[in-house]
Amino acid sequence: MSTTERPRILVVGGGYVGLYAARRILKKMRYGEATVTVVDPRSYMTYQPFLPETAAGNISPRHVVVPLRRVLGKAEVLTGRVSSIDQDRKVAKIAPSVGEAYELPFDYLVVAMGAVSRTFPVPGLAEHGIGMKGVEEAIGLRNHVLAQLDKADSTTDEEARRRALTFVFIGGGFAGAETIGEIEDMARDAASYYPNVKREDMRFILVDAAPGILPEVGPKLGEWGLTHLKKRGVEVYLGTSMDSCVGGHVVLKNGLEVDSDTLVWTAGVKPNPVLSEFGLPLGPKGHVDVGTDLQVKGTDYIWAAGDNAQVPDLASGKEGAFCPPNAQHALRQAKVLGDNVISGLRGFPQGKYKHHNKGAVAGLGLHKGVALIAVGKRKIKLKGRLAWYFHRAYHGMAMPTMNRKVRVFADWTLGMFLKREVVSLGAVETPQKEFYEAAAPVTAAAEAKSAEAAQTVAPQRGEAEKASA
C-alpha cells in the first residue's frame, strides 16, 4: 500500500462503475494530485451481459473479464472487502483475502459495490440453485449441463435420466431469457454427439411471477421472445413462482412438480447488503440515495452509482423515477462520477447525470434475438437475426479495453467456421480430487478390506490351479 500523504480516493468495488470511474479519475488527474485505491474481492471486472454466451461456449471465459491491475496501472488495487466505513474518521476497514483486517484512511469515497442475486427463503434453493452473476457461475453452469448429458447418455436408470435432462430456470428477465436461450441452443447442438440423447428427451422450463418475459424490451418484443422460446420446445409458466426445490424436487405455485438436477436462479438482483454497514442514507430497497450529481445525499465527499445506487432519471421527465440498473447507465454514470470526483477534489461545481435511454438488446441463442433501439423520439423494434447482430455489435463495442474487444470478436469469428466445443470440464472445480485419491495415506479400514479381498482370492486361485492340473 502507498505511504504517500496525498489525498486518497477510495473506490469500493471493481465492477463496471468502479473500473470506469477509476479510469476516468486517473485520466483527468494531474500527476501526484491524489492516490486512487480500488478494493474488490476479485482482481478482475466481469462484463455480465456476456455471461449467457460464456455459459454456452461462444466466448472464452477469460475474455469476458478485465484484469484490474493491468487496466488501472497507476492505481493501488487491493484484493479484499470493505466491511465497514467510519465517516467521522474517514476510515475504511479492509478485510484482505488473507491476513488480519486493517484500517485504511481516505479523503474521498466512491461506492460501486454493484448488486447480488435477489433470493427468497425457498426451501432447497441454497443447496441446489445456480446463479448467473459471475463468470465462475457461467463456467459452472456450462460444465454442469454438459455433465447431465453425459449422465443421461450413460445410464439405464430412467428416473436418473429424466432428472438429468430436466432444466429449470427461474426468472424471465434479460438474464433468465438469454441464459435459457443460449443453454438450450448449446444442448441442442451437443445432443448430436450423444447416441442416446435427443433434443426431444430434454425438458426446458422457464418460470416467472410476471405476466410476460423480457420486460426491458417492451410487451410486443417480449411476446415475440416468448413465442420464439415456446417454438423451440421451452415450457414457460408465467404468473407463478417456486415454492420449494428440496432434493431437486421442484414445486411451483401453479401445482407443477418436476424432479431436476439443474435449477438456474435469475430472479433479479438487489444492492449489496454490506451497504447497511456503511452508515449511508439508503432507499426503500437498500440502494444508496444519491442526487442528480451522483453525490450521496448529506455528504460532499462520497459518490455512488450503478446497481447499488438509486440515481434520479432526469431524462424520463417523471417525478421520482430512477435509472434502471443496466450496463448502459453504469458506463455513463461512471464517467460523470469520475469527473465529479475530480471537481470535488479541486473545489469546482458538480455536473448532473442525464442520459436518454438508447434502447435494449437481448440474444436468445445463435442468430436469434430482440432489440429495441431509440433513434430520437422513434423506437425501432427488431427481432430475429438482425436483432442478434445489433446485440453482438452493441455489447462487443461496450466491452472494456481494446484487448478484450479484439478477443471477443475473434471468438465470434472462429465460431463462424469451427463447431461449438461441447466438452464438460467439471473436474476443474475439484482439481485435487484425483491426486488426493492417489496420494492419500491408506487407512486401517482400507488395509483390512484389501487383506480380506486377498484372502478371498487366494483359495479361489488355489482351486483353479488344482483344476488346471
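Residues numbered from 1 in each chain as written. Predicted model: local features only at pLDDT ≥ 70, side-chain atom pairs only at ≥ 80, totals over all residues. Heavy atoms only, no water.

Caption draft 1: Just the overall build of the protein, in detail. What the protein contains, in helices and strands, is 13 helices and 24 strands. For the C-alpha atoms alone, the extent of the protein along its principal axes is close to 105 × 55 × 45 Å. For the protein, the proportion of its 469 residues judged to be buried stands at 48%. For the protein, the share of sequence-separated contacts (at least 6 apart) that also reach a separation of at least 24 residues comes to 67%. Summed over its atoms, the accessible surface of the protein is roughly 23700 Å², and 55% of this surface lies on carbon and sulfur atoms. Mean positive and mean negative side-chain charge positions of the protein (59 and 50 charges, respectively) differ by 10 Å. (Helix = DSSP H or I, 4+ residues; strand = E, 2+ residues; numbered from the N terminus. Buried < 20%, exposed > 50% of the residue type's maximum accessible area, 1.4 Å probe, protein only. Contact = heavy atoms within 4.5 Å. Areas by Shrake-Rupley, 256 points an atom, 1.4 Å probe, with all protein chains shown as cover. Lys, Arg positive; Asp, Glu negative; His and termini not counted. Charge placed at Lys NZ, Arg CZ, Asp CG, Glu CD.)

Caption draft 2: Spatial organisation of unusual backbone geometry. Of note, K90 is a non-glycine position whose phi angle comes to about 55°, a positive value. Inspection of the secondary structure puts K90 in the loop between β5 (76-86) and β6 (91-96). Here K90 falls in the partly exposed class, since its relative accessible area comes to 30%. One non-glycine residue with positive phi stands out, namely H367, at about 65°. Positionally, H367 belongs in the loop between β22 (359-363) and β23 (369-375).

Caption draft 3: Summary view of the environment of G283. Relative to the helices and strands, G283 resides in the loop between β18 (269-271) and β19 (288-289). In this structure, the C-alpha to C-alpha distance between G283 and N308, residues 25 residues apart in sequence, is 10 Å.

Caption draft 4: View of the packing of helix α1 (residues 16-28) against helix α9 (residues 327-346). Across the interface, α1 lies against α9 with an axial gap of 8 Å and an inter-helix angle of 40°. It follows from the interaxial angle that α1 and α9 lie oblique. Here the hand of the crossing between α1 and α9 comes out right-handed. Contact residues: Y16, V17, Y20, A21, R24, I25 and K28 in α1; A327, A330, L331, A334, K335, L337, G338, D339, V341, I342 and R346 in α9. (Axes fitted to C-alpha atoms, helices over the stretch in contact; angles between N-to-C directions. Parallel < 35°, antiparallel > 145°, perpendicular 65-115°, else oblique. Left-handed = near helix turned anticlockwise from the far one by under 90°.)

Caption draft 5: Region of the structure containing the sheet that holds strand β24 (residues 378-383). Taken together, the 3 strands give an open sheet; going across it, the order is β22-β23-β24, and neighbouring strands pair in antiparallel fashion. Looking at the sheet topology across the chains shown, the edges are occupied by β22 and β24. When strand polarity is set aside, the average angle formed by the axes of neighbouring strands in this sheet is 15°. Relative to β23, β22 runs antiparallel, the two sharing 5 bridges. Bridge pairing in β23 links G363 to G369. (Pairing = 2+ DSSP bridges.)

Caption draft 6: Layout of a positive patch on the surface. Judged by side-chain charge, R23, K27, K28 and K335 come together as a positively charged surface patch. Residue contributions to the positive patch peak at 3 residues, all from α1. Topologically, K27 is positioned in helix α1. By relative accessible area, which is 68% here, K27 ends up exposed. (Patch = residues over 30% accessible without salt bridge, like charges linked within 9 Å, V, L, I, M, F, W, Y side chains within 5 Å. Salt bridge = Lys/Arg side-chain N within 4 Å of Asp/Glu carboxyl O.)

Caption draft 7: Just the nonpolar core, in detail. Core analysis: the largest hydrophobic core is formed by 113 residues, its most contacted members being Y16, V36, V111, L149, M202 and F204. When residues in this core are grouped by element, the largest group, 9 residues, is from α9. Not counting the four nearest positions on each side in its chain, L149 is found in contact with L165, F167, A187, A190, Y194, V197 and M202. The next biggest cluster of nonpolar side chains, apart from the first, holds 15 residues, and it includes V122, I170, V207 and L263. (Core = buried A, V, L, I, M, F, W, Y, C linked by side-chain atoms within 4.5 Å.)

Caption draft 8: Geometry of the pairing of β22. Among the 5 residues of β22, 4 are classified as buried, and the element is accordingly described as predominantly covered. The loop that links β22 with its antiparallel partner β23 comprises 5 residues; one of these, G365, has a positive phi angle of about 120°.

Caption draft 9: Broad picture of the pattern of salt bridges. Under the defined criterion, the tally for this structure stands at 20 salt bridges. Measuring nitrogen to oxygen at the nearest pair gives 2.9 Å for the salt bridge that ties R24 to D339. Note that R24 is positioned in helix α1 and D339 in helix α9, a separation of 315 residues in sequence. Exposure remark for D339: the relative accessible area of 24% places this residue in the partly exposed category. D185 is paired through a salt bridge with R420; the nearest N and O atoms lie 3.7 Å apart. Here R420 lies in the loop between α11 (402-417) and α12 (433-439) and D185 lies in helix α7 (residues 174-191), a separation of 235 residues in the sequence. Residues D185 and R420 agree in their burial class; the two are buried. Salt bridges sharing partners connect three or more residues here, namely E184, R188, R199 and R232.

Caption draft 10: Broad picture of the sheet that holds strand β1 (residues 8-12). Strand order across the open sheet formed by 7 strands is β7-β6-β5-β2-β1-β8-β20, with mixed pairing between neighbours. Edge positions in the open sheet fall to β7 (102-105) and β20 (302-304), since each of these has one partner strand only. Across the sheet, the mean angle from the axis of one strand to that of its neighbour is 40°, orientation sign disregarded. As defined by bridge partners, β6 adjoins β7 across 4 bridges and the pair is classed as antiparallel. In the sheet register, A92 faces β7, and the bridge partner there is L104. α1 contacts β1 and β2 (35-40) of the sheet and is inclined by roughly 170° relative to β2. Across the sheet, α9 is in contact with β1, β8 (108-111) and β20; its angle to β20 comes to roughly 175°.

Caption draft 11: Focus on the layout of surface pockets. Put simply, the second largest pocket is a space of about 860 Å³. For the lining of the second largest pocket, the secondary structure elements donating two or more residues are α5 (135-154), α10 (385-398) and α11. Tallying contributions element by element places α11 first for the lining of the second largest pocket, with 6 residues. Class assignment of the residues belonging to the lining of the second largest pocket gives a composition of 15 nonpolar, 7 polar and 7 charged. (1 Å grid on protein atoms, 1.4 Å probe; cavity = no way out; pocket = protein on both sides within 12 Å on 5 of 7 lines; lining within 4 Å. Points joined across faces, edges and corners; volume = space filled by probe spheres on them. Nonpolar A, V, L, I, M, F, W, Y, C, P; charged D, E, K, R; others polar.)

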